[in-house]
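One letter stands for each residue in the lines below.
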Amino acid sequence: MKKIAVMTSGGDAPGMNAAVRAVVRTGLHNGYQVYGIYDGYEGLTNGDIRLLGRGDVGGIINRGGTILGSARFPEFKEKSVREKAIEQLKKIGIEGIVVIGGDGTYRGAQALTEMGINCIGLPGTIDNDISSTDYTIGFYTALQTIVDSIDKLRVTSMSHKRCSVVEVMGRHCGDLALYSGISAGSEYIITPETGFHKQLVLDKIKESHNVGRRHAIVVVTEHLLNVSEFSQEIEEFTKYETRATVLGHIQRGGDPVAFDRVLATEMGEYAVDLLKNGKGGRAVGLKGMDLVDYDINFALSKKREIPKKRYGLVGRLS
Ligand code: F6P
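Scope of this entry: the structure provided in the associated data block. (Residues numbered from 1 in each chain as written. Predicted model: local features only at pLDDT ≥ 70, side-chain atom pairs only at ≥ 80, totals over all residues. Heavy atoms only, no water.)

### Description of the side chain of Ser186
Phase 1: Here Ser186 is to be found in the loop between α6 (175-183) and β7 (188-190).
Phase 2: Residue Ser186 is classed as buried on the basis of its relative accessible area, which comes to 3%.
Phase 3: Ignoring anything within four residues of it in the chain, the contact list for Ser186 reads Gly181, Ile217, Val219, Val314 and Ser318. (Helix = DSSP H or I, 4+ residues; strand = E, 2+ residues; numbered from the N terminus. Buried < 20%, exposed > 50% of the residue type's maximum accessible area, 1.4 Å probe, protein only. Contact = heavy atoms within 4.5 Å.)

Take a look at the structure:
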């Protein structure tokens with residue numbers, strides 16, 4: 001193999017740049033030509049592929065977002081679209097790709113591998129919803145952003161004796177809500193894993209109000225409920241004045257924390273080694289202290305382990 005490529009796809013995540021840098025520099029170290037594919041599968045299909053040098057990835061390890069750009073491109077599910085992408089790769093002679101993204105990205109990588117281009121998937125998403133890794137690239141940075149925001153909300157909540165309901169991202173995974181709820185000392189977390197038991201939450205918040213606490217914080221994973229409407233219900237039932245905050249895409253921005261930079265760098269190097277050994281259709285993950293790789297199909301179908309003990313913590317300590 002002489003030519004490899006790297007791309008980012010799906011929602012961007014802080015630390016993607018560190019992974020791109022590691023892939024490019026490890027590739028060059030191994031004597032490969034390394035190409036950047038711009039704007040994910042969409043750019044690949046349209047042939048937006050450029051040769052990268054060492055300097056092109058200089059000064060990016062500390063930067064959020066992705067210098068390669070990213071896109072959601074559901075059209076890639078169609079075989080005819082993928083065939084166009086394969087043609088673009090064959091024109092240049094690219095034999096392997098490191099793709100950085102979430103589960104949709106992994107599906108594309110698996111399909112391309114089946115069509116003859118070895119692909120290695122790196123878990124790049126703030127959601128931490130990929131079961132083949134303990135942590136995804138970007139999760140800890142987004143978590144820190146959320147915790148910083150909730151700390152600020154707490155200040156004003158306490159001044160006004162209010163309850164704050166905070167909606168965080170995560171798609172269908174409650175890890176951002178769980179870990180931020182623990183870190184920010186919240187009263188209650190509502191996640192896909194816990195389900196939404198309205199009366200339990202209302203009772204808990206009322207109890208806080210009745211014992212004279214100056215504030216209460218509820219962290220909610222997106223897509224589960226309407227936080228504005230729920231805030232009104234809390235206010236009516238508990239007598240806490242209540243405000244809703246949707247953190248939104250702020251959570252995806254910001255410079256990657258050190259953990260994400262290290263994880264991304266190690267995974268980037270590991271992915272190139274897999275390509276070098278002729279592997280394709282593999283998903284790289286962190287398990288405990290070690291990097292591992294799994295068949296992408298297995299990674300996509302594996303059930304996520306739910307950190308049950310951590311869920312208990314919020315209830316016990318609030
Ligand atoms: O997967 C990352 C993520 O930020 C999710 O948490 C969120 O549901 C989704 O992407 C938002 O997607 P978009 O940026 O396309 O609106």
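### Thoughts on the pattern of salt bridges
Phase 1: Counting across every chain of the model gives 15 salt bridges.
Phase 2: A salt bridge links Asp103 to Arg171, with the nearest nitrogen and oxygen atoms 3.1 Å apart. Of this pair, Asp103 sits in helix α4 (residues 103-114) while Arg171 is found in the loop between β6 (162-168) and α6, placing the two residues 68 residues apart along the sequence.
Phase 3: Of the charged contacts in the structure, one is a salt bridge between Glu241 and Arg243, with a shortest N-O distance of 3.1 Å.
Phase 4: What you see here is one network of salt bridges that share partners, running through Asp103, Arg107, Asp127, Asp129 and Arg171. (Salt bridge = Lys/Arg side-chain N within 4 Å of Asp/Glu carboxyl O.)

### Examining helix α9 (residues 258-276)
Phase 1: Helix length check: α9 (19 residues) gives 27 Å between terminal C-alpha atoms against 27 Å at 1.5 Å per residue, within 8%.
Phase 2: Within α9 the residues assigned to the buried category are Asp260, Leu263, Ala264, Met267, Gly268, Ala271, Val272, Leu274 and Leu275. Burial along α9 is one-sided: seen end-on, the buried residues are contained in an arc of 160°. (Expected span 1.5 Å × (residues − 1). Arc of directions from axis to C-beta.)

### Some details on the site of the ligand
Phase 1: All residues adjacent to the ligand are Arg72, Thr125, Asp127, Met169, Gly170, Arg171, Glu222, His223, His249 and Arg252.
Phase 2: In the environment of the ligand, an oxygen atom lies 2.6 Å from a nitrogen or oxygen atom belonging to the side chain of Asp127.
Phase 3: Here an oxygen atom of the ligand sits 2.6 Å away from a polar atom, N or O, in the side chain of Glu222.
Phase 4: Summarising the interface, the protein chains cover 75% of the accessible area of the ligand, which totals 390 Å² for the free molecule. (Near = heavy atom within 4 Å. Polar contact = N/O pair within 3.5 Å; in protein donor to acceptor, adjacent residues only side chain to side chain. Areas by Shrake-Rupley, 256 points an atom, 1.4 Å probe, with all protein chains shown as cover.)

### Details of the nonpolar core
Phase 1: Within the largest apolar cluster, 53 residues are counted, with the highest numbers of intra-cluster contacts made by Val6, Val98, Ile100, Leu122, Val168 and Leu176.
Phase 2: The residues that make up this core include at least three from each of domain 1 (3-138 + 256-301) and domain 2 (141-252).
Phase 3: Membership of the second largest hydrophobic core comes to 25 residues, among which are Tyr35, Leu44, Ala85 and Ala109. (Core = buried A, V, L, I, M, F, W, Y, C linked by side-chain atoms within 4.5 Å. Domains from an automatic or database assignment.)

### With respect to the packing of aromatic side chains
Phase 1: Scanning all chains against the criterion turns up 10 aromatic pairs.
Phase 2: Ring geometry for Phe139 versus Tyr140: centroids 5.4 Å apart, planes at 75°, classification edge-to-face.
Phase 3: Taken together, a centroid distance of 5.3 Å and an interplanar angle of 85° make the contact between Phe139 and Tyr179 edge-to-face. Residue Phe139 is found in helix α5 (residues 139-160), and its partner Tyr179 is found in helix α6; the two are separated by 40 residues along the sequence. (Phe/Tyr/Trp six-rings, centres within 6.5 Å; stacked < 30°, edge-to-face > 60°.)

### Comments concerning the sheet that holds strand β9 (residues 241-246)
Phase 1: Reading across from one edge, β7-β8-β6-β9 is the order of the four strands in this open sheet, with parallel pairing throughout. Pairing within the sheet leaves two strands with one partner each, and these edge strands are β7 and β9. Shown here is a sheet whose adjacent strand axes are inclined to one another by a mean of 15°, direction ignored.
Phase 2: Bridge count for β6 against strand β8 (residues 216-221) is six bridges, and the pairing is parallel. Residue pairing in the sheet places Cys163 in a bridge with Ala216 of β8. (Pairing = 2+ DSSP bridges. Axes fitted to C-alpha atoms, helices over the stretch in contact; angles between N-to-C directions.)

### Quick look at the environment of Met169
Phase 1: Within the secondary structure layout, Met169 lies in the loop between β6 and α6.
Phase 2: Overall, Met169 belongs to the buried group, its relative accessible area being 10%.
Phase 3: Discounting residues that sit within four places of it in the chain, Met169 has contacts with Ile126, Asp127, Leu176, Thr221, Glu222, Gly248, His249, Gln251 and Arg252.

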